[in-house]
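Structural characterization, general
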Amino acid sequence: MTSGEAEVTATEKKPPKTRLISGPGMLLVWLYGVMVVGAVSRSVVQIATEFDHAPLAYSLSAVAGLVYGFITYSLVRGGETARKAALVCCAAELLGVLTVGTWTLADPSAFPDATVWSDYGMGYLFIPVLLPLSAIYWLRKRAR
C-alpha cells in the first residue's frame with residue numbers, strides 16, 4: 001500500500017465533522033455568545049463588588065455564564081461529540097433555568113438580588129428559557 005492509499009483509507013474511515021453553525025446554528029452561537037458576555041460580566045462585577053449581599057444569586061449567574069460559554073464552544077467546534085456534549089449541557093441549562101425560576105417565584109427571600117435565571121430569565125427577555133429549548137431542538141435535528 002502506498003502512502004497515498006494509506007491517506008485515502010484513513011480519511012475514508014473518519015466521518016466528516018457535523019457542522020453545527022450553519023443556518024439557525026449561527027444564530028444560536030450569536031445568542032449564546034451574547035449571553036456569555038452578559039452573564040459573565042454581570043457576575044464578575046457583582047462578585048467583586050457586593051458578593052456578601054447575595055452570594056447564591058451571583059454564583060448562579062457565574063455558573064450560567066460558564067454553561068453558556070461551554071455550549072458556545074461546543075457549537076463552534078462541531079462534530080458528533082461536541083453536539084452530544086452541547087445537547088447534555090443545554091438540557092442541564094434548561095433544568096437550571098426551570099429550577100431557579102421556580103425557586104425565585106416560590107421563595108423570593110432566598111434571592112435578595114436576581115440571577116440570570118431568575119423568574120425564568122425575565123430580566124433577559126426570557127431568552128434563558130427559550131434558548132435551551134431552541135438549541136435542544138436544533139441539536140436533535142442535526143443528529144438526523
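Bear in mind the structure is a predicted one, so any value in this text is a computation, not a measurement. (Residues numbered from 1 in each chain as written. Predicted model: local features only at pLDDT ≥ 70, side-chain atom pairs only at ≥ 80, totals over all residues. Heavy atoms only, no water.)

**Re the overall build of the chain**
Scanning the chain from N- to C-terminus turns up five helices and zero strands. When the helices and strands of the chain are read in sequence order from the N terminus, they spell out α-α-α-α-α. Looking at the 144 residues of the chain, the share that counts as buried comes to 37%. Long-range pairs, those at least 24 residues apart, make up 69% of the contacts in the chain between residues at least 6 apart in sequence. Counting only carbon and sulfur atoms, one obtains 69% of the accessible surface of the chain, whose full area is about 8300 Å². (Helix = DSSP H or I, 4+ residues; strand = E, 2+ residues; numbered from the N terminus. Buried < 20%, exposed > 50% of the residue type's maximum accessible area, 1.4 Å probe, protein only. Contact = heavy atoms within 4.5 Å. Areas by Shrake-Rupley, 256 points an atom, 1.4 Å probe, with all protein chains shown as cover.)

**Examining the packing of aromatic side chains**
Tallied over the full model, the rule gives two aromatic pairs. Ring geometry for Tyr32 and Tyr68: centres 5.9 Å apart, planes at 50°, overall tilted. Here the residue Tyr32 occupies a position in helix H2 (residues 24-50), and Tyr68 occupies one in helix H3 (residues 55-77), the gap between them amounting to 36 residues. Taking relative accessible area as the criterion, Tyr68 reaches 0% and is therefore assigned buried. Taking 4.9 Å as the distance between ring centres and 85° as the angle between the ring planes, the aromatic pair formed by Trp103 and Phe111 counts as edge-to-face. (Phe/Tyr/Trp six-rings, centres within 6.5 Å; stacked < 30°, edge-to-face > 60°.)

**Details of the nonpolar core**
The nonpolar side chains of soluble globular proteins are, as a tendency, buried together. The biggest cluster of nonpolar side chains holds 32 residues, and the ones touching the most others in it are Tyr32, Tyr68, Leu75 and Val116. Taken together, the elements giving at least two residues each to this core come down to H2, H3, helix H4 (80-106) and helix H5 (127-143). Discounting chain neighbours no more than four positions away, the residues touching Tyr32 are Tyr68, Ile71, Thr72, Leu75, Cys90, Glu93, Leu131, Pro132 and Ala135. (Core = buried A, V, L, I, M, F, W, Y, C linked by side-chain atoms within 4.5 Å.)

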